[in-house]
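# Report on the structure
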Amino acid sequence: MSSSFSSFVPPSRVLMGPGPSDVYPQVLEALARPTIGHLDPKFVTLMDEVKQLLQYAFQTSHALTMPISAPGSAGMEAVFVNLIEPGDKVIVCQNGVFGGRMQQNVQRCGGQAIMVLDTWGKQTDVQKVREALQANPDAKALAFVHAETSTGVLNDAKTLCQLAQEFDCLSIVDAVTSLGGSELKVDDWQIDAIYSGTQKCLSCVPGLSPVSFSDKAIAAIKQRQHPVQSWFLDMDLVMGYWGKGAKRAYHHTAPVNSIYALHQSLLILQQEGLEKSWARHQQHHQSLKIGLENLGLEFVVDKAYRLPQLNMVSIPDGVDDAQVRSRLLTEFELEIGAGLGELAGKVWRIGLMGCASSQKNVDYCVSSLAKVLS
Ligand SMILES: *Cc1c(COP(=O)(O)O)cnc(C)c1O
C-alpha cells in the first residue's frame, strides 16, 4: 500500500452530461451534517417529510412513495421484481438504452417481454403500442421510459398511460431523467409504478431512487403467487421500515446523510415550484439551442418531442469526438456526454439538469465548445 495516499479532493467540474448533474451547494452542506441513528425520532420525522416532498415532486397522493436506498437502476429493479412474476407478459417500449434494461428486468423476473421497438432518437409510436396491447390482451403491464436519456427523446407518458388503462394493464414508468425537469403528473396520468433518480434533475447526489406505487400496483403485489426474489427490494418488507411512522422496524440502515441531501434538494424544488422548474429547463434549452445552432451543430431529435434537459447534437464531420470531450474536461472543467450504443462517436449529449440548467452554464458550454471547435 502506498504511503503517499492522501485525502481525495475532486476537481470542480461543470456537469453537463447525462448525469450526475451539478449538485446544489445547499445539498452538499446538508450531506455533511452529523449522522444520527436511522431510527432516531428526529430521523423518522425527516423520513416522513421526504415522503411528502416526493409526493409533491411526483404529483401524487400515493402513500407508497419513498426513496429506495440505491441508485435509479435499483428503483427500476424494485418496480419489476415486485410487480412481475414468472409467466407474466409485459409490453416494453424501447427507443434507446433504458427500454432494453426494462426488457432484461422482465426476463430476469421470469416474465415475457413483448417489445415495441422504435428507432433511437424517435418517439415511441403510440399506434404500435396499441397494436401490441390488442395482440396481447393478457399483458399485465405496459412499461416505458418517459425521458430517454440515451437519445434526448420525451415519450408521450400521458397517452401511453391512458392506453394502459384502456387495456387494463399496469403502467410502469422510468422517470429517472424527467422528474423535476419535464411535466410529470403521476395521479392525473394514472401511473401505477414509477421510479426516478436523485442525480439528474433533482441535482442531488447519486445513490437514491424515489419510487411510487398506486393502490392497483399494491393490489398486484399482494396477489403474488411467488415471493419477491429480492429480499432487499421487497416492498412489503421495505414498507415496514419506511411506512409505519413511529412503529417502524429495522430493515436496512437508510443512507442517513444522503436522505438529508435528498430532503434539501426536494425542498429547493418545492420552493421554486414544479411548474417553474419545468419552465426553467425549457427556457435554458431554448437558449442552448440557439447557441449550438450558431456553432453549426444540429439537433438530432425532432423538436416536437425533444427533451429540454438532454440535448443530443450530431458531431460535425471530421471532428474527433473523444478529443473534444477530453479538451472540454481538462481545459474547461466541463463534462458533456458521449453517444451510447449505435450513436457512439456520432453525437454529443449535453445535459441541462437541475441546477445545471442555468444561463451561466449555457453560455459557458457554448463558448467553451466554440473555442475547442475553432
Ligand atoms: C440514469 C438513468 C437510469 C439509471 O440510473 P442510475 O442512477 O444510473 O442507476 C435509468 N433510467 C434512465 C432513463 C436514466 O437516465
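Residues numbered from 1 in each chain as written. Predicted model: local features only at pLDDT ≥ 70, side-chain atom pairs only at ≥ 80, totals over all residues. Heavy atoms only, no water.

### Things to note about the overall build of the protein chain
When helices and strands are tallied, the protein chain shows 12 helices and 13 strands. Entry remark: accessible area of the protein chain is about 15,800 Å², with carbon and sulfur atoms responsible for 52%. Here the protein chain contributes 31 positive and 37 negative side-chain charges, whose respective centroids are spaced 3 Å apart. (Helix = DSSP H or I, 4+ residues; strand = E, 2+ residues; numbered from the N terminus. Areas by Shrake-Rupley, 256 points an atom, 1.4 Å probe, with all protein chains shown as cover. Lys, Arg positive; Asp, Glu negative; His and termini not counted. Charge placed at Lys NZ, Arg CZ, Asp CG, Glu CD.)

### As for the site of the ligand
Taken together, the neighbourhood of the ligand is formed by Pro71, Gly72, Ser73, Phe98, Val145, Ala147, Thr149, Asp174, Val176, Thr177, Gln199 and Lys200. At 2.3 Å, a side-chain N or O of Thr149 approaches an oxygen atom of the ligand. For the ligand, the accessible surface in isolation is 380 Å², of which the surrounding protein chains cover 88%. (Near = heavy atom within 4 Å. Polar contact = N/O pair within 3.5 Å; in protein donor to acceptor, adjacent residues only side chain to side chain.)

### So, the state of the cysteines
Under the definition given, this model contains zero disulfides. Here Cys93 is not cross-linked by a disulfide; its sulfur's nearest cysteine counterpart is in Cys161, at 10 Å. For Cys93, a relative accessible area of 1% gives the class buried. Not part of a disulfide, Cys204 finds its nearest cysteine sulfur in Cys355, a span of 11 Å. Relative accessible area serves as the criterion here: at 0%, Cys204 is assigned to the buried category. (Disulfide = S-S within 2.5 Å. Buried < 20%, exposed > 50% of the residue type's maximum accessible area, 1.4 Å probe, protein only.)

### A short note on the nonpolar core
Within the largest apolar cluster, 98 residues are counted, with the highest numbers of intra-cluster contacts made by Met66, Ile68, Phe80, Leu83, Met102, Ile172 and Phe213. Lining this core are residues from two domains, each supplying at least three of them: domain 1 (14-20 + 274-373) and domain 2 (25-270). Once residues lying within four places of it in the same chain are set aside, the contact partners of Met66 are Lys51, Leu54, Ser209, Pro210, Val211, Met235, Val238, Met239 and Trp242. (Core = buried A, V, L, I, M, F, W, Y, C linked by side-chain atoms within 4.5 Å. Domains from an automatic or database assignment. Contact = heavy atoms within 4.5 Å.)

### Here's the deal with unusual backbone geometry
Between Gly19 and the following residue, Pro20, the backbone shows a cis peptide bond with an omega angle of 0 degrees. Its location among the elements puts Pro20 in the loop between strand S1 (14-16) and helix H1 (25-31). One non-glycine residue, Asp168, lies in the positive phi region at around 55 degrees. Using a relative accessible area of 60% as the deciding quantity, one classes Asp168 as exposed. One non-glycine residue with positive phi stands out, namely Ser203, at about 50 degrees. When you line up the elements, Ser203 lands in the loop between strand S9 (193-195) and strand S10 (209-213). Note on Ser203: relative accessible area 0%, which makes it buried.

### Remarks on the packing of helix H3 (residues 72-83) against helix H4 (residues 97-108)
Closest axis-to-axis distance for the H3/H4 pair is 10 Å, and the angle between their directions is 40 degrees. Taken together, H3 and H4 sit at an angle that is classed as oblique. Every pair of crossing elements has a handedness; the one defined by H3 and H4 is right-handed. Contact with H3, carried on its side by Ser73, Met76, Glu77 and Phe80, involves Phe98, Arg101, Met102, Asn105 and Val106 of H4 and no other residues of that element. (Axes fitted to C-alpha atoms, helices over the stretch in contact; angles between N-to-C directions. Parallel < 35°, antiparallel > 145°, perpendicular 65-115°, else oblique. Left-handed = near helix turned anticlockwise from the far one by under 90°.)

### A word on the domain arrangement of the protein chain
When cut into domains, the protein chain gives domain 1 (14-20 + 274-373) and domain 2 (25-270). With 24 residues of domain 1 at the contact, the number on the domain 2 side is 30 residues. A buried area of about 2,200 Å², summed over both sides, lies between domain 1 and domain 2, and 63% of it is on carbon and sulfur atoms. Looking only at domain 1, the three residues that lose the most surface to domain 2 are Leu274, Trp278 and Tyr305, adding up to 33% of its buried area. Joining domain 1 to domain 2, the criterion identifies zero salt bridges. Listed by contribution, the elements that provide at least two residues to the side of domain 1 that touches domain 2 are helix H10 (274-294) and strand S11 (310-314). The greatest single-element share of the side of domain 1 that touches domain 2, amounting to four residues, is contributed by H10. A class-by-class count of the residues in the side of domain 1 that touches domain 2 yields 15 nonpolar, six polar and three charged. (Buried area = accessible area lost by both parts, 1.4 Å probe. Salt bridge = Lys/Arg side-chain N within 4 Å of Asp/Glu carboxyl O. Nonpolar A, V, L, I, M, F, W, Y, C, P; charged D, E, K, R; others polar.)

### A word on the sheet that holds strand S2 (residues 64-68)
Sheet architecture is open: seven strands sit in the order S2-S10-S9-S8-S5-S3-S4, paired in mixed fashion. Each of the sheet's edge strands pairs with one partner strand only, and the pair in question is S2 and strand S4 (112-117). For this sheet the average axis-to-axis angle between neighbouring strands, irrespective of direction, equals 15 degrees. One ladder, built from three bridges, connects strand S3 (residues 89-94) with strand S5 (residues 141-145); its direction is parallel. Across the sheet, residue Val90 finds its bridge partner in S5, namely Ala141. (Pairing = 2+ DSSP bridges.)

### Description of the sheet that holds S11
Neighbouring strands of a sheet are bound in pairs by backbone hydrogen bonds; such pairs are parallel or else antiparallel. Sheet architecture is open: four strands sit in the order S1-S12-S13-S11, paired in mixed fashion. At either end of the open sheet lies a strand with only one pairing partner, and these are S1 and S11. Each strand of the sheet is rotated relative to its neighbour by a mean of 30 degrees, with strand direction disregarded. Along the sheet, helix H11 (residues 321-332) contacts strand S12 (334-338) and strand S13 (347-351); its crossing angle with S12, the most-contacted strand, is approximately 160 degrees. Helix H12 (residues 359-373) rests against S1, S12 and S13 of the sheet, and its axis sits at about 90 degrees to S1.

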